[in-house]
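Listed below, chain by chain, are the residues.
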Amino acid sequence: MIRGYVMQEQPFSVNDGEGIRTTIFLAGCPMRCRWCSNPEGFGQKPLVGYYVKQCIGCGRCAEVCPQGIGIDLNDPAMRKKCTGCGKCAAACPKSARRQLVSVRDADEIIAAAKKFSMFYRASGGGITFSGGEATFQPELLNYLSEQLYDMGFSLDLETCGQFDFDEVRPALNRMDLIFIDIKHMDDKVHRKYTGMSNKTVLENICRLNELSAEIAVRVPVIGGVNDSDDNILATASFVRENLPRAKMELLPYHELGAAKYEALGMDLPDASFYTPAPEKMEHLKHIISQAGVELISFR
């Protein structure tokens, strides 16, 4: 039996590929992007979030906790003791405790995704694997993609690009569309903000030529980090020269993950990060178009 760490399965998603889709978020990621909106996906362990603003202090969580943890899960000592079993989340009447990462059986994940098959087929949608980083669990991704592919579902993948290409190639070959990120073209800057070199990412983008899937190169545009004209032009030029059939999508920075940081007792992303103005985003899109790369948007 294949099992893995799952953040959530999000049905009726319309931003992660064509049509109506179920997006399966697999936990675990090699990068540590300092603006990440899914910090619960950094590691691979069961994880419970504590949303203090919704807590009414009833104490039901403490009553059922096998580790003897009190109401304030984000007290460092309590957080260290938590095993993420989820009993508190099930007992909480206000969803102040929520299971953010759980261990799931692969066949259970497939059964849940199949429930919405009529919507996929009617809309031209399907299944999208995301994260975290879906390729960080190669055995699970391979099994899920193999089973769902054989059932005739359209499959997409969202990836940061940091993976062993040959290890995950069987799953890559089943994808209709692959979204792959370029955070920054300058390796030194990339290391500063993600904790890793961009070398493997860029090499993998070049190797995507070996696949039949459509490719969308995404840039999460972070104000003050990678939104310079020079960086966007360098990114577009790299795409045009190395994967000319690919399209590009720009995703403006957002702060929607702030509540998760608070729920996990983590420091918020750097306050200096900001969302580029709409006029700036249009300007950057113009640079990409002028560089000879087609734009795409699923927002």
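A quick note: this is a predicted structure, and the numbers were derived from the prediction, not measured.

On to the overall build of the protein, then. A count of helices and strands for the protein gives twelve helices and nine strands. Each principal axis of the C-alpha atoms in the protein carries an extent, and together these give about 60 × 45 × 35 Å. Across the 299 residues that make up the protein, the buried fraction comes to 49%. Carbon and sulfur atoms provide 50% of the accessible area of the protein, an area that totals close to 13800 Å². When the 34 basic and 38 acidic side-chain charges of the protein are each reduced to a single mean position, those positions are 6 Å apart.

With the rule as written, the count across this model stands at nine aromatic pairs. Note on phenylalanine 12 and phenylalanine 116: the rings are 5.2 Å apart at their centroids and 75° apart in plane angle, and the pair reads as edge-to-face. Of this pair, phenylalanine 12 sits in strand β1 (residues 3-13) while phenylalanine 116 sits in the loop between α4 (106-114) and α5 (117-123), and the two are 104 residues apart along the sequence. On the basis of relative accessibility, which here comes to 22%, the residue phenylalanine 116 falls in the partly exposed class.

Now for the pairing of strand β6 (residues 154-159). With five of six residues buried, β6 is to be regarded as a mostly interior element. Pairing geometry for strand β5 (residues 126-131) and β6, over four bridges, is parallel. Bridged to threonine 128 within β6 is aspartate 156. In this region the chain leaves β5, passes through helix α6 (residues 138-150) and returns to the parallel neighbour β6; the handedness of that crossover is right-handed. As defined by bridge partners, β6 adjoins strand β7 (residues 177-181) across four bridges and the pair is classed as parallel. Counterpart to leucine 157 in the pairing with β7 is isoleucine 178. As for the winding sense of the linkage, the β-α-β connection from β6 through helix α7 (residues 165-172) to β7 is right-handed.

What follows is about the pairing of β1. Pairing analysis gives four bridges linking β1 to strand β4 (residues 97-105), with the strands arranged antiparallel. Each residue of the ladder has a partner; that of arginine 3, found in β4, is aspartate 105.

Parameters and conventions
Along each chain, numbering runs from 1 in the same order as the chain's sequence is written. Where totals are concerned, whole chains, interfaces and linings use all residues; where local detail is concerned, this predicted model gives features only for residues with pLDDT of at least 70, and gives and counts side-chain atom pairs only at 80 or more. Side-chain measures were taken over the full set of non-hydrogen atoms in the model, leaving aside hydrogen atoms and water. Think of it this way: any DSSP run of H or I at least four residues long counts as a helix, any run of E at least two long counts as a strand, and we number them from the N terminus. Exposure categories follow from relative accessible area, calculated using a 1.4 Å probe and restricted to protein chains: below 20% of the type maximum is buried, above 50% is exposed, and the middle band is partly exposed. Where accessible areas are quoted, they stem from the Shrake-Rupley method and a 1.4 Å probe; at the residue level, only the protein chains shown are allowed to cover. Charge assignment in this entry is limited to Lys and Arg as positive and Asp and Glu as negative, and neither His nor the chain termini are counted. Charge positions are represented by NZ for Lys, CZ for Arg, CG for Asp and CD for Glu. Think of it this way: a Phe, Tyr or Trp ring, Trp meaning its six-membered ring, pairs with another when their centres are within 6.5 Å, and the plane angle makes it stacked under 30 degrees, edge-to-face over 60, tilted otherwise. In short, DSSP must find at least two bridges between two strands for them to pair. Note on handedness: a crossover is taken as right-handed if, strands pointing away from the viewer, the path from the first strand over the helix to the second is clockwise.

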